[in-house]
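# Secondary and tertiary structure notes
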Amino acid sequence: MSSPLDAFSYRNGELHIGDLAVSDIAEAAGTPVYVYSADAIRTSYRRLAKAFAPLGARLHYAVKASSNLHILRLLHGLGAGMDVVSGGELERAWLAGVPMSEIVFAGVGKSRAEQRAALDGRFSPLKEAAESCGGHGIEGRGPVGLFNVESSSELEVLAEVATELGVTARACIRVNPDVDARTHEYTTTGKEENKFGVAVPEIPSLFDTYRDSASVRLVGLHMHIGSPVREIEPYESAVRVLLGLIDRLEAAGHPIEVLDLGGGWPVCYTDDDSPDIESYAAALIPLLESRVGTGLRIVIEPGRSILANSGVLLTRVQHVKQGRFKRFVVCDAGIHTLIRPALYKAFHFIWPVRVDAAHIPPIAAERLDLPDLYPSDVVGPICETGDFLARNRNLPAVTRDDLMAVFSAGAYGMSMSLNYNDHPRSAEVMVDSGKAILINRRQDQATLLRTELSPREL
Ligand SMILES: Cc1ncc(COP(=O)(O)O)c(C=O)c1O
């Protein structure tokens, strides 16, 4: 599996991405800044695709992991369809040039407006803006390839909207298999007590209800049990639940064309020994290959496993405070830039961008056996005690204006960032073919204020 350091190297004591020193990128783009390696994205995409090739699996990249248009274009160019969970993500995928037929639309709370735009381009919130944003025309845009539906209520509304528009929506039902993915409780999605999906016993009657519907055609089943899922067994259990359900449905005269296994595929945030993506695929292939042989189409929705270790967040030290027990390294990135540590107690390896020879990190790990390290919290500028990127780490000495690199930040970094305390969102840079390209300018303060400047009576 790719390590947090794979796409980066320390040369002469300075962090590089390819041949570029990341400090030059930070100098030019300012900080905080997200930097992605196009080569690392290509490598992890191809590795995942190869692992699931024996199932002929179709990859739909989960846009929520990192939604920059240029990342979507790169992945679509490699052959990926898209998995979106909002009208906004749908428009992004469309602007990136992805045909609607290659988009699956998931999400537990789709509105009528979002469903309309997903069925008929005339209802796109972008309309003419689409062309000026570099996308293609909205007129004549057909329905998305697949809706992943999360409740009978959503199915009723989808049928109404599709009838209104005179189109047929193809849909999978998202199954809640009641399987514990044994990940953080906030990212566990396949347990009975979670809001996601439909319980197994309720599903056959939904297929019966929509058997002859002209507006909704139920073509398959979907699951997504959590993210990241660090063990293989929960996938096996969930797939067995869905296969049992497929047998029941087919026996009742409902042919199942599509089985969407969702995302959650593994990522190394430290150089640990979690199983790699090939082991997940190897465990699932024997369960599924005979079904694929008789026509079942497999879809997967990876996000994190492609992007996480393809990106790094660069942040500049603003101040160093020596507390009684540890140092506080106060950076310009915080929970507004990368919320995962505060939200999920997520681990990100963090290290200075410039180090002496004794401090080149051999691996990405919570504890490194190196000389002269100091207990430190890496914190941000936000007025919350929960504003930290790392706690109780042993770090080399750093001083004001030093640059720090936060590794494994390519997924759920920028896409989850916030404007809390009125901080603008970061810039994004893509390194490709030895060049650093600014793929998203830093938000400016005026943008944050614009929608408040002209109040009007309703
Ligand atoms: C429905 C669905 N599919 C795919 C994903 C992507 O998961 P990951 O980025 O872990 O691959 C998510 C993430 O939450 C999801 O909710």
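Note that the structure is predicted; figures quoted are calculated from it, not measured.

### Description of the environment of Arg73
Mapping Arg73 onto the fold places it in helix α3 (residues 69-77). Take Arg73: its relative accessible area is 31%, and that puts it in the partly exposed class. Sequence separation of Arg73 and Leu95 is 22 residues, and the distance between their C-alpha atoms is 9.0 Å.

### A look at α3
Turning to α3, its buried residues number three or more, namely Leu69, Ile71, Leu72, Leu74 and Leu75. One side-chain oxygen at the N-terminal end of α3 lies 2.8 Å from the backbone nitrogen of His70; it belongs to Asn68. Of the residues one or two after α3, Gly79 is the one with positive phi, at around 115 degrees.

### Some words on the packing of aromatic side chains
In total, this model carries 9 aromatic pairs according to the counting rule given. Ring plane angle 80 degrees and centroid distance 5.7 Å describe the contact between Phe8 and Phe407, whose orientation is recorded as edge-to-face. One end of the pair, Phe8, is in the segment before β1 (9-11); the other, Phe407, is in the loop between β19 (403-406) and β20 (427-432), and 399 residues separate them in sequence. As far as the burial class goes, Phe8 and Phe407 line up, both buried. Geometrically, the ring pair formed by Phe349 and Trp351 is stacked, given 5.6 Å between the ring centres and 10 degrees between the ring planes.

### Here we look at the pairing of strand β5 (residues 58-62)
Among the 5 residues in β5, 4 count as buried, and that is most of the element. Sheet topology note: the β5/strand β13 (residues 297-300) ladder contains 2 bridges and is parallel. By the bridge assignment for β13, Leu59 is matched with Ile300. Pairing between β5 and strand β6 (residues 81-84): 3 bridges, direction parallel. Looking across to β6, one finds that Ala62 is bridged to Asp83. In this fold, the crossover linking β5 to β6 by way of α3 has right-handed handedness.

### Considering the packing of helix α9 (residues 233-251) against helix α10 (residues 277-293)
At a minimum axis separation of 10 Å, α9 and α10 run at an interaxial angle of 10 degrees. Considered as vectors, α9 and α10 are oriented roughly parallel to each other. Contacts from Tyr235, Glu236, Val239, Arg240, Leu243, Ile246 and Asp247 in α9 reach Tyr280, Ala283, Leu284, Leu287, Leu288 and Arg291 in α10. Among the residues forming the contact of α9 with α10, the class breakdown is 9 nonpolar, no polar and 4 charged.

### Side note on the site of the ligand
Lining the immediate surroundings of the ligand are 14 residues, of which Ser227, Glu301, Gly303, Arg304 and Tyr412 lie closest. Here Ser227 contributes a side-chain N or O atom positioned 2.4 Å from an oxygen atom of the ligand. Contact between the ligand and Glu301: a nitrogen atom at 2.6 Å from a side-chain N or O atom of the residue. In the complex, the protein chains occlude 91% of the 390 Å² of accessible area that the ligand would expose alone. A per-class count over the shell around the ligand returns 3 nonpolar, 6 polar and 5 charged.

### Observations regarding the nonpolar core
Ranked by size, the top nonpolar core spans 140 residues in total, and within it Phe52, Tyr61 and Leu221 carry the most contacts. Setting aside chain neighbours within four positions, we find Phe52 in contact with Ala57, Trp265, Ile277, Ala281, Leu284 and Ile300. The next biggest cluster of nonpolar side chains, apart from the first, holds 6 residues, and it includes Val104, Leu146, Val258 and Val299.

### Section: the environment of Pro286
Turning to its location among the elements, Pro286 is positioned in helix α10. For Pro286, a relative accessible area of 53% corresponds to the exposed category. For the pair Pro286 and Pro54, spaced 232 residues apart in sequence, the C-alpha separation works out to 10.0 Å.

### Quick look at unusual backbone geometry
With an omega of -5 degrees, the peptide bond running from Thr31 to Pro32 counts as cis. Within the secondary structure layout, Pro32 lies in the loop between α1 (22-29) and β4 (33-37). In this structure, Pro228 follows Ser227 across a cis peptide bond, with omega equal to -10 degrees. Summarising the element assignment, Pro228 is placed in the loop between β11 (216-222) and α9. With a phi close to 50 degrees, Asp372 is a non-glycine residue in the positive phi region. Tracing the backbone shows Asp372 in the loop between β16 (350-352) and β17 (374-379). Non-glycine residue Tyr412 carries a positive phi angle of around 55 degrees. With respect to the helices and strands, the residue Tyr412 is situated in the loop between β19 and β20.

Conventions and cut-offs
Residues numbered from 1 in each chain as written. Predicted model: local features only at pLDDT ≥ 70, side-chain atom pairs only at ≥ 80, totals over all residues. Heavy atoms only, no water. Helix = DSSP H or I, 4+ residues; strand = E, 2+ residues; numbered from the N terminus. Buried < 20%, exposed > 50% of the residue type's maximum accessible area, 1.4 Å probe, protein only. Polar contact = N/O pair within 3.5 Å; in protein donor to acceptor, adjacent residues only side chain to side chain. Phe/Tyr/Trp six-rings, centres within 6.5 Å; stacked < 30°, edge-to-face > 60°. Pairing = 2+ DSSP bridges. Right-handed = clockwise from strand over helix to strand, strands pointing away. Axes fitted to C-alpha atoms, helices over the stretch in contact; angles between N-to-C directions. Parallel < 35°, antiparallel > 145°, perpendicular 65-115°, else oblique. Contact = heavy atoms within 4.5 Å. Nonpolar A, V, L, I, M, F, W, Y, C, P; charged D, E, K, R; others polar. Near = heavy atom within 4 Å. Areas by Shrake-Rupley, 256 points an atom, 1.4 Å probe, with all protein chains shown as cover. Core = buried A, V, L, I, M, F, W, Y, C linked by side-chain atoms within 4.5 Å.

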